[in-house]
Amino acid sequence: MTSRREFLAGLGATALSAALPRPAGGGLRAAPGDLLYPPMDLSRFDRPITPAPGDIRLGYAAITWGGHDLQAIEDIAAAGFHGIQLRSNVLTQFGARPAELRDLLARHQLTFVALSSGAVRLDPAVEAQVVAEHESHARFLREAGGLYLQVTDERPAGRPVADADYERLGGLLTAIGRRSADLGIPLGYHNHVGALGETPDAVDRILAAADPRYVKLLLDVAHYQQGGGDPVQAIRRYRDRLLLLHIKDLESPWEKSYRFVELGRGKVDIKGVFAALDAIGFRGWAVVELDSVPDAARTPKESAVISRQFLEAAGVR
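Every chain is numbered independently, its residues counted from 1 as its sequence is written. Note on the predicted model: pLDDT of at least 70 is required for a residue's local features to be given, and 80 or more for side-chain atom pairs to be given and counted; whole-chain, interface and lining totals, by contrast, use all residues. Values shown for side chains rest on all heavy atoms present in the structure; no hydrogens or waters enter the calculation.

Participant: What's the story with the confidence of the model for the protein chain in this structure? I'm lost.
Facilitator: Low pLDDT means the predicted coordinates in that region are not meant to be read closely. The predicted model of the protein chain has a mean per-residue pLDDT of 89, with 83% of residues at 70 or higher. Taken together, the stretch residues 4-9 has pLDDT below 50 and engages in 1 contact with residues farther than four places along the chain or on a different chain. The low-confidence segment residues 11-30 (pLDDT under 50) makes 26 contacts with residues lying over four places distant or belonging to another chain. A residue's pLDDT is simply how confident the predictor is in it, with values from 0 to 100. Residue contacts are defined here by distance: any two heavy atoms, one from each residue, within 4.5 Å place the two residues in contact.

Participant: Which parts of the structure should I look at to understand the side chain of His223?
Facilitator: Comment: elements are numbered from the N terminus, with helices defined as DSSP H or I runs of at least four residues and strands as E runs of at least two. Mapped onto the elements, His223 comes out in helix α8 (residues 221-226). Accessibility here uses a 1.4 Å probe with only protein chains present; expressed as a share of the type maximum, an area under 20% marks a residue as buried, one over 50% as exposed, and anything in between as partly exposed. Given a relative accessible area of 2%, His223 falls into the buried group. Within the structure, the side chain of His223 is placed 3.1 Å from the backbone nitrogen of Val193, a separation counted as a polar contact. Discounting residues that sit within four places of it in the chain, His223 has contacts with His190, Asn191, His192, Val193, Glu198, Lys248 and Phe260. Whenever a nitrogen or oxygen atom comes within 3.5 Å of another N or O atom, the pair is scored as a polar contact, on the condition that within protein one atom can donate a hydrogen and the other can accept it, and that pairs from neighbouring residues in sequence are kept only if both atoms are in side chains.

Participant: Just checking my understanding: could you explain the sheet that holds strand β6 (residues 148-153) for this structure?
Facilitator: In a beta sheet, neighbouring strands pair by backbone hydrogen bonds and run either parallel or antiparallel. At least two bridges found by DSSP between two strands is the condition for calling them paired. Spatially, the 8 strands close up into a barrel ordered β3-β4-β5-β6-β7-β8-β9-β12, and their pairing is parallel. Between one strand axis and the next, the sheet turns through 30° on average, direction left out of account. As judged from the 4 bridges shared by strand β8 (residues 215-220) and strand β9 (residues 242-247), these two strands associate in the parallel manner. Bridge assignment links Leu217 to a residue of β9, and that residue is Leu242. With axes taken as lines fitted to C-alpha atoms, and helix axes fitted only over the stretch in contact, angles between N-to-C directions fall between 0 and 180 degrees. Where helix α11 (residues 300-313) meets the sheet, its contacts fall on β3 (55-61) and β12 (283-288), and the angle it forms with β3 comes to roughly 165°.

Participant: I would appreciate a short explanation of the packing of aromatic side chains in the present structure.
Facilitator: The geometry of an aromatic ring pair is captured by two quantities: the separation of the ring centres and the angle between the planes. Aromatic contacts are taken between Phe, Tyr and Trp rings whose centres are within 6.5 Å, Trp giving its six-membered ring; a plane angle under 30 degrees counts as stacked, one over 60 as edge-to-face, and the others as tilted. In the structure shown here, the tally under the stated rule is 3 aromatic pairs. A centroid spacing of 4.9 Å and a plane angle of 50° characterise the contact between Tyr60 and Phe81, whose relative ring orientation is tilted. Of this pair, Tyr60 sits in strand β3 while Phe81 sits in the loop between α2 (69-78) and β4 (83-87), placing them 21 residues apart in sequence. Measuring from centroid to centroid gives 5.7 Å for Tyr258 and Phe260, while their planes differ by 70°, and the two rings are edge-to-face. Judged by relative accessible area, Phe260 falls into the buried class, the value being 12%. Across from the ring centre of Phe260, 4.0 Å away, lies the NZ or CZ of Lys248, which sits over that ring. The cationic tip of Arg308 hangs over the ring face of Phe81; the distance from NZ or CZ to the ring centre is 5.4 Å. Two conditions define a charge sitting above a ring: the NZ of Lys or the CZ of Arg must be within 6 Å of the ring centre, and it must be within 35 degrees of the ring normal.

Participant: When you look at helix α7 (residues 200-209) in this model, what are you seeing that I'm missing?
Facilitator: Residues three or four positions apart in an α-helix share a direction because the helix packs 3.6 residues into each turn. All of the buried residues along α7 are Ala202, Val203, Ile206, Leu207 and Ala209. The buried residues of α7 occupy an angular sector of 160° when projected down its axis, which confines them to one face. For α7, the secondary structure elements touched by its buried residues are α6 (163-182), β7 (187-190), β8 and α8. Arc definition: directions from the helix axis to the C-beta atoms.

Participant: For this particular structure, what's the right way to read α6?
Facilitator: Helix span, expected: 1.5 Å multiplied by one less than the number of residues in the helix. For α6, built from 20 residues, the straight-helix expectation of 28 Å at 1.5 Å per residue is met to within 8% by its first-to-last C-alpha distance of 30 Å. Packed against the buried residues of α6 are β5 (111-120), α5 (127-143), β6, β7, α7 and β8. At the C-terminal side of α6, Gly184 shows a positive phi close to 85°.

Participant: Mind showing me how you'd approach the pairing of β4 here?
Facilitator: Residues in a regular strand point their side chains to alternate faces of the sheet. By the criterion of burial, β4 is predominantly enclosed, with 4 of the 5 residues buried. Note that β4 and β5 share 5 bridges and pair parallel. Its bridge partner being in β5, Gly83 is matched across the sheet by Thr111.

Participant: Can you help me understand the pattern of salt bridges in this one?
Facilitator: Pairing is possible between side chains that carry opposite charge, provided their charged atoms lie close to one another. What makes a salt bridge here is a side-chain nitrogen of Lys or Arg within 4 Å of a carboxyl oxygen of Asp or Glu, nothing more. Inspection of the entire model under this criterion finds 18 salt bridges. Three or more residues are tied together by salt bridges with common partners; here these are Asp220, Lys248, Glu289 and Asp291.

Participant: Help me understand unusual backbone geometry, please; the structure alone is not making it clear to me.
Facilitator: Glycine aside, residues mostly have negative phi, and peptide bonds are mostly found in the trans state. Of note in this structure, Ser252 is not a glycine but carries a positive phi near 50°. With respect to the helices and strands, Ser252 occurs in the loop between β10 (249-251) and β11 (259-261). For Trp254, which is not glycine, the phi torsion reads 70° and is therefore positive. Relative to the helices and strands, Trp254 resides in the loop between β10 and β11. A residue is classified by how much of its surface remains accessible, and Trp254, at 56% relative accessible area, is exposed.

Participant: How should I be thinking about the environment of Asp103 in this particular structure?
Facilitator: Mapped onto the fold, Asp103 is located in helix α4 (residues 98-107). For Asp103, a relative accessible area of 39% translates into the label partly exposed. The spatial distance from the C-alpha of Asp103 to the C-alpha of Ala144 is 8.3 Å, given a sequence separation of 41 residues.

Participant: Help me understand the packing of α6 against α7, please; the structure alone is not making it clear to me.
Facilitator: Packing of α6 against α7 leaves a shortest axis separation of 7 Å and a crossing angle of 50°. Here α6 lies oblique to α7, going by the angle between them. Here the hand of the crossing between α6 and α7 comes out right-handed. Where α6 abuts α7, its residues Asp163, Tyr166, Glu167, Leu169, Gly170, Gly171, Leu173 and Thr174 lie against Ala202, Arg205, Ile206 and Ala209. Lys, Arg, Asp and Glu make up the charged group, whereas Ala, Val, Leu, Ile, Met, Phe, Trp, Tyr, Cys and Pro make up the nonpolar group; the residues left over, Gly among them, are polar. By residue class, the composition of the contact of α6 with α7 is 6 nonpolar, 3 polar and 3 charged. Geometric relationships in this document are graded by angle, where less than 35 degrees denotes roughly parallel, more than 145 denotes roughly antiparallel, 65 to 115 denotes roughly perpendicular, and other angles denote oblique. Handedness of a crossing follows from how the near helix is turned relative to the far one, being left-handed for an anticlockwise turn of less than a right angle and right-handed for a clockwise one.

Here is the structure:
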């Protein structure tokens, strides 16, 4: 161990090292016979650093179970997923006892990936209330051991969308994101059909209006496609803003009669989505989501198993 005096003396010697003679074989001398640093090969520092490989972790959303979250936890774990996304209705049961939820998920070896916090309303009369509500959800999420807070948005009521709405929403998202960041919880904005952020252009405008330090993107690949976009291209476009994804499939995209279905049974290029994630070296969570079971003869768990089997056959573990 080096004393404080010796350490400070070494710092002073380092500052003078450029003016000192270099011995053969490398190293630096402070005085004849005294090496500050041993000889070393520095050639490796001239080589570019190889990017880390992608690391995609798979979760599943409890929305399919329609509020029966305890059953969802059991089934999602049994289906072989490692993470779960819950909706804010879970606060009805665990709002005052987040540690109980944390322990329950730990027993099922599930990571609490995200909490669906609800929509951000564009109403000046309730903006402070909206920010405070999402902040309280972020605090619950932190205490329950969760990772990310998800928000959607609502179109303004009773009037057409105006340019100022995108700026207002960006500002609200930034305010919420600052509060959640103070709690250690990143915020993900979820693009959604029927919301202000429905089309690719709208998503662009909202993200441009929000501070990228506090507002990331939760890309829902099916909603993005239904909104007129290419989710594979979106992954490349937002690679530096991508927080996590919703992986879902849908029948009859771009038509009013579309419906969400299990992975591999619709028109979303799910394999292309994962290839794009691999190409950008994405490291994070991809949450499979199915709003409701498309066939009444199946259970939510059976639908989860179908999607899981599709991913395994596609080489996604």
